[in-house]
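# Remarks on the overall topology
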Amino acid sequence: MKKVAIIGAGIVGATAAYYLSKEADLEITVFDHGQGQATKAAAGIISPWFSKRRNKAWYKMARLGADFYVDLLADLEKSGQEIDFYQRSGVFLLKKDESKLEELYELALQRREDSPLIGQLAIMDQASANEFFPGLQGFDRLLYASGGARVDGQLLVTCLLETSQVKLVKEKVSLTPLTSGYQIGEDVFDRVILAMGAWLGDVLEPLGYEVDVRPQKGQLRDYQIYQDLESYPVVMPEGEWDLIPFAGGKLSLGATHENDMGFDLTVDETLLQQMEDVALPHYPTLTEAKSSGERVGIRAYTSDFSPFFGQVPGLSGVYAASGLGSSGLTTGPIIGYHLAQLIQDKELTLDPVNYPIANYVKRVKSE
Ligand SMILES: Cc1cc2nc3c(=O)[nH]c(=O)nc-3n(C[C@H](O)[C@H](O)[C@H](O)COP(=O)(O)OP(=O)(O)OC[C@H]3O[C@@H](n4cnc5c(N)ncnc54)[C@H](O)[C@@H]3O)c2cc1C
């Protein structure tokens, strides 16, 4: 029986734990201290097809990541889990310059050839859009895609960990290489997955590594509205005020992208109010909504905004992923699955050569 440790139980670590827990010859322990976790603060939009990023490797990962949810949710459903934390209720894209909507529509049509999940596409006027999302205003036309989805990251992680029945230790830990294996806490492990998001450097820097991952603070506010929003599409405008409606009347508004705040987790009322002020003219119903709380999380970014995964150079049996940025709920499950496959030397869909960890994690001195 091989002992595997996973440090970090965000979307990446929890998905890896879920897939590894299916293997009878592995004993899995997950360590997570949970503070600042991006996954539980995330807005939850799964809709990567409209991005203008030129990074082809990223786009491949993101579109396959959106597709991967279909398999993951089917697996969870087979294990008897409710999967009501994920819904494909569509997405609305708003443009300040609405003449750009045709261009976006053409791009989406092309991308639908590889990603049928995008679903139906239409440029809609306000009256048609209001049949899906009553009360939304401040635009003449928008682009609709029926396959856009939303997920509650925290509920997904809870579901993955519960289904896995792995041992969960809620502690901040470090890693000590031994002659054979790795010490984490009181125990020694054969294999290790570092799924620590923005905190990857905390474990690797003391071992002589330079880690190109920087933190970005993100905040959003949740509201309670007295109508069921289950079938409402997600609204993605240009700017930060995405609206993410959930069943039961929860509506999230956000999120901020704050680059100079380090790992700060305090709620900034001023920024949240500014976001609300921008959103209000588009959705005046917000004035009647009750704020039900704020969420703050830390995203992980590399200097070229690319995510990476693979074996940590020079540490045999240790695998890591980070740099998922603002699309990590989309790419996290497929990355977690790949880490689980790597640990077992099994087949991969995404080639790690295109997401090279060695570009971001470098040994600069021996311990
Ligand atoms: C406000 C906000 C909105 C977002 N919205 C979206 C969105 O709409 N769509 C989308 O696709 N993505 C979104 N994202 C991005 C997405 O949430 C992240 O990219 C993704 O969740 C990262 O997952 P992760 O597992 O890599 O890291 P995290 O979720 O950050 O998990 C890392 C975990 O490791 C733990 N950890 C770290 N160090 C240690 C240690 N030494 N010991 C023990 N535990 C440790 C941390 O406490 C944490 O729980 C958003 C992010 C934020 C912050």
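Everything discussed here concerns the structure shown above.
Here goes a summary of the coordinates provided. (Residues numbered from 1 in each chain as written. Predicted model: local features only at pLDDT ≥ 70, side-chain atom pairs only at ≥ 80, totals over all residues. Heavy atoms only, no water.)

Now for the overall build of the chain. For the chain, the count of helices and strands is nine helices and 22 strands. Its C-alpha radius of gyration of 21 Å places the chain within 12% of the 21 Å reference for a compact globule of 367 residues. If you line up the chain on its principal axes, its C-alpha atoms span 70 × 45 × 40 Å. For the chain, contacts bridging at least 24 residues in sequence account for 74% of all contacts bridging at least 6. Element-wise, carbon and sulfur atoms account for 47% of the exposed surface of the chain, whose accessible area totals about 15900 Å². Averaging the positions of the 34 positive and the 50 negative side-chain charges in the chain gives two centres separated by 4 Å. (Helix = DSSP H or I, 4+ residues; strand = E, 2+ residues; numbered from the N terminus. Rg over C-alpha atoms; globule rule 2.2 N^0.38 Å. Contact = heavy atoms within 4.5 Å. Areas by Shrake-Rupley, 256 points an atom, 1.4 Å probe, with all protein chains shown as cover. Lys, Arg positive; Asp, Glu negative; His and termini not counted. Charge placed at Lys NZ, Arg CZ, Asp CG, Glu CD.)

Another aspect to go through is the packing of aromatic side chains. In this structure the tally under the stated criterion is 17 aromatic pairs. Pairing Trp49 with Phe50 gives two aromatic rings, centres 6.3 Å apart and planes at 85 degrees, and the pair type is edge-to-face. One exposure class covers both Trp49 and Phe50, and it is buried. Look at Tyr69 and Tyr86: their rings are 5.4 Å apart centre to centre, the planes differ by 15 degrees, and that puts the pair in the stacked class. Here Tyr69 is found in helix H3 (residues 56–78), whereas its partner Tyr86 is found in strand S4 (residues 86–87), with 17 residues between them in sequence. (Phe/Tyr/Trp six-rings, centres within 6.5 Å; stacked < 30°, edge-to-face > 60°. Buried < 20%, exposed > 50% of the residue type's maximum accessible area, 1.4 Å probe, protein only.)

Moving on: the site of the ligand. Residues in contact with the ligand amount to 37 residues; listed here are only the nearest, Asp32, Thr39, Ile45, Gly325 and Thr330. At a separation of 2.7 Å, an oxygen atom of the ligand approaches a polar side-chain atom of Asp32. Thr330 places a side-chain nitrogen or oxygen 2.8 Å from an oxygen atom of the ligand. In isolation the ligand exposes 1000 Å². Once the protein is present, 97% of that is buried. Of all the elements in the fold, those that place two or more residues in the shell around the ligand are helix H1 (11–20), helix H2 (38–41), strand S19 (290–301) and helix H9 (328–343). Residue composition of the shell around the ligand, by class: 17 nonpolar, 16 polar and four charged. (Near = heavy atom within 4 Å. Polar contact = N/O pair within 3.5 Å; in protein donor to acceptor, adjacent residues only side chain to side chain. Nonpolar A, V, L, I, M, F, W, Y, C, P; charged D, E, K, R; others polar.)

The next point concerns the nonpolar core. In this structure, Phe50 and Leu76 are the most contacted members of the largest nonpolar core, which totals 72 residues. Here the element with the most residues in this core is H3; it accounts for 11 residues. Apart from residues no more than four positions distant in its own chain, Phe50 is found in contact with Val91, Leu93, Leu104, Leu107, Ala108, Arg111, Leu121, Leu143 and Ala145. By size, the runner-up hydrophobic cluster in this structure holds 31 residues, among which are Val169, Ile184, Leu194 and Trp199. (Core = buried A, V, L, I, M, F, W, Y, C linked by side-chain atoms within 4.5 Å.)

What follows deals with unusual backbone geometry. Backbone torsion omega between Gly254 and Ala255 reads 25 degrees, so that peptide bond is classified as cis. Looking at where Ala255 falls in the secondary structure, it is placed in the loop between strand S18 (250–254) and helix H8 (269–279). In this structure, Phe305 is a non-glycine residue whose phi angle is positive, near 65 degrees. Looking at where Phe305 falls in the secondary structure, it is placed in the loop between S19 and strand S20 (308–311). Phi is positive for Asp345, close to 55 degrees, though the residue is something other than glycine. Its location among the elements puts Asp345 in the loop between H9 and strand S22 (361–363).

What follows concerns the side chain of Gln216. Among the secondary structure elements, Gln216 is positioned in strand S15 (residues 214–224). By relative accessible area, Gln216 is classed as buried at 5%. A distance of 3.0 Å separates polar atoms of two side chains, one belonging to Gln216 and the other to Asn259.

Among the 10 residues of H1, 10 are classified as buried, and the element is accordingly described as predominantly covered. When we look at burial in H1, the residues that qualify are Ile11, Val12, Gly13, Ala14, Thr15, Ala16, Ala17, Tyr18, Tyr19 and Leu20.

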